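Take a look at the letters that make up each chain.
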Amino acid sequence: MKITQRAGIAIASICALAATSGCSISFTGGKKSEPSSPPPPSATPSSAPQFNGIDNLSASEVVDAASDALRTAPSVHIAGTVNKSQLDLRMDSSGNCAGRITEDGTNVDLIKQGSKVWLKPDHAFWVQAAGDQATQTEALVGDRYIVTDSSNPEFSSLADACDIAGYADSMTEDNGNSTVNKGVQKDVRGIPALELVRNDPQEGRSQLYIARTGKPYPLEIHGTDGDSPAGVVLDEYGKPLSIDVPSASESLDAAQLS
């Protein structure tokens, strides 16, 4: 019995924000985007926040700026729902991460440091993944994490789930049919933000909110996943990542589950 197929499906479904088929919250700079006029200057510039200039860029240039900002972020927290899966992951620019992935009522805690990956599924996961062998498998694993290496092809998607650059790249993927235009200005969690609206004939409408002050970090993405709402929040940029790596006694090699 292998757990890797089930784990891989759960993790792969959230690896690129919305780059997978059927989920319309990915973004692309595109060539059809249209710029809009910047807002008038504040009457009290001395007390106004220091804007980063994205108001003066075209929509496609804003997407590129946001993608570059995310790609170079020291760390970020990404949480939300994509492809009917929920993720809550904190990651840094070295590919380390920690958090949880939820799919179909099952939970998998994930830790990655360097090339090592630890997984801790819950009871519902084992029932779905192992079927009649769930009780036997849970007894073998106990309260331990399953440990493997990200170079293991059956777990390769784990590296993508913890790769900030991969999320950044997904923002500029282009299927050739979508348009992106600048929308409203609004505060997102107290941060002045610019809305970008993406329309795609197949995937529908989605919104991306970019910080107008400081670095142009993406703050939120909202769209649809089939008939269901989908979206992610990106925050805690630059916050040091603290990971408690399981000890040898708290871990079980994945090869022992085959």
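Higher on the page you've got the structure.
Here goes a summary of the coordinates provided. (Residues numbered from 1 in each chain as written. Predicted model: local features only at pLDDT ≥ 70, side-chain atom pairs only at ≥ 80, totals over all residues. Heavy atoms only, no water.)

The subject of this paragraph is the pattern of salt bridges. Summed over the entire model, instances satisfying the criterion amount to 10 salt bridges. One salt bridge in this structure joins lysine 120 and aspartate 143, with 3.2 Å as the shortest N-O distance. Placement of the pair is lysine 120 in strand β5 (residues 116-121) and aspartate 143 in the loop between α4 (134-141) and β6 (145-149), with a sequence separation of 23 residues. For arginine 189, the salt bridge identified is with glutamate 220, shortest N-O distance 3.0 Å. Separated by 31 residues along the polypeptide, arginine 189 in the loop between β7 (179-188) and β8 (191-200) and glutamate 220 in strand β10 (residues 218-225) bring together distant segments of the chain. (Salt bridge = Lys/Arg side-chain N within 4 Å of Asp/Glu carboxyl O. Helix = DSSP H or I, 4+ residues; strand = E, 2+ residues; numbered from the N terminus.)

Let's shift gears to the packing of aromatic side chains. Taken as a whole, this structure holds two aromatic pairs when the rule is applied. Judged by centre distance (5.4 Å) and plane angle (85 degrees), the ring pair of phenylalanine 125 and tryptophan 126 falls under edge-to-face. Judged by relative accessible area, phenylalanine 125 falls into the buried class, the value being 1%. By relative accessible area, tryptophan 126 is classed as buried at 2%. Ring plane angle 5 degrees and centroid distance 3.7 Å describe the contact between tyrosine 217 and tyrosine 237, whose orientation is recorded as stacked. Residue tyrosine 217 is found in the loop between β9 (204-211) and β10, and its partner tyrosine 237 is found in the loop between β11 (228-235) and β12 (251-253); the two are separated by 20 residues along the sequence. Like tyrosine 217, the residue tyrosine 237 is buried in the burial classification. (Phe/Tyr/Trp six-rings, centres within 6.5 Å; stacked < 30°, edge-to-face > 60°. Buried < 20%, exposed > 50% of the residue type's maximum accessible area, 1.4 Å probe, protein only.)

Judged by nonpolar contacts, the single largest core of 46 residues is most densely connected at Leu70, Val76, Ile78, Met91, Leu110 and Leu196. It is helix α2 (residues 59-71) that provides the largest number of residues to this core, a total of six residues. Those residues in contact with methionine 91 that lie beyond four places of it in its chain are Ser75, Val76, Ile78, Asn96, Cys97, Ala161, Cys162, Asp163, Ile164, Tyr167 and Leu241. One finds Ala98, Ile111, Trp118 and Val147 within the second-largest nonpolar core, a separate group that totals six residues. (Core = buried A, V, L, I, M, F, W, Y, C linked by side-chain atoms within 4.5 Å. Contact = heavy atoms within 4.5 Å.)

Scope: geometric values only; no functional claims are made or implied.
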